[in-house]
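# Close look at the chain arrangement
Here are the chains, one letter per residue:
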Amino acid sequence: KNISLQCEFNYEEKGFDFYYILYDGGLNGYFKTSYFTIPLSFTYEIGKTVKYYGYWGMSLNFLLNAQNFTSRSYETGAPFEYIIVDESYKPTEFNNKELGAFLGIGMKIPLCDKVKFLIDARYNSGITRATKNTTSPNTFRNVFNRSVMLSWGVIFKISKEK
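Procedures and definitions
- Residues numbered from 1 in each chain as written.
- Predicted model: local features only at pLDDT ≥ 70, side-chain atom pairs only at ≥ 80, totals over all residues.
- Heavy atoms only, no water.
- Salt bridge = Lys/Arg side-chain N within 4 Å of Asp/Glu carboxyl O.
- Buried < 20%, exposed > 50% of the residue type's maximum accessible area, 1.4 Å probe, protein only.
- Helix = DSSP H or I, 4+ residues; strand = E, 2+ residues; numbered from the N terminus.
- Pairing = 2+ DSSP bridges.

## Focus on the pattern of salt bridges
- For the structure on display, the rule yields four salt bridges.
- Residues glutamate 12 and lysine 14 are paired through a salt bridge, measuring 3.5 Å at the closest nitrogen-oxygen approach. Each member of the pair, glutamate 12 together with lysine 14, is buried.
- Notably, a salt bridge pairs aspartate 17 with lysine 32, separated by 3.4 Å at the nearest N-O pair. Residue aspartate 17 is located in strand 2 (residues 10-22), and its partner lysine 32 is located in strand 3 (residues 25-46); the two are separated by 15 residues in the primary sequence.
- For aspartate 17, a relative accessible area of 59% corresponds to the exposed category.
- In this structure lysine 32 comes out as partly exposed when scored by relative accessible area, which is 38%.

Written out as structure tokens, the structure is:
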């Protein structure tokens with residue numbers, strides 16, 4: 001009665017910006033990816049009117065789009081003179097599929113007989129790499145997706161009248 005199996009279909013955007021200063025130069029850029037994800041979760045729910053739940057599961061993620069830019073600067077020897085090198089990933093260096101795991105909590109608050117308000121928090125962690133292990137000189141070769149997802153929504157109960 002308190003355990004359920006749930007499947008979702010989601011669109012997710014992930015990414016980060018970075019700026020790293022080194023003694024003789026620096027590194028800066030961004031990663032931006034979007035995925036179609038299919039999470040499958042096991043949920044345990046408690047409570048009488050307000051329902052509290054926890055869940056965990058796995059997801060299969062399909063890459064829809066990947067953009068990145070990585071720039072490294074080196075000091076030339078002269079003060080404040082730098083050489084800038086583009087070390088961006090090529091789109092083919094991103095994995096098209098990714099396996100992930102997640103853990104979350106939430107609550108369902110009844111607004112009336114057939115409508116509930118939902119608040120949910122989830123931590124997603126990539127099990128497989130977001131990028132391929134290539135021989136390119138990129139600094140972020142072993143990138144794994146990690147994210148915190150906060151969501152809210154409305155649940156409508158649809159039932160047939162007897």
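What follows continues from the structure just given.
## Description of the pairing of strand 6 (residues 97-112)
- With 12 bridges joining them, strand 4 (residues 51-75) and strand 6 adopt antiparallel strand pairing. When the sheet's bridge partners are listed, serine 59 is paired in strand 6 with glycine 100.
- Strand direction decides the pairing type here: strand 6 and strand 7 (residues 115-126), joined by 12 bridges, are antiparallel. Looking at the pairing, isoleucine 105 lines up with alanine 121 of strand 7.
- Hairpin connection of strand 6 to strand 7: two residues between the antiparallel strands.

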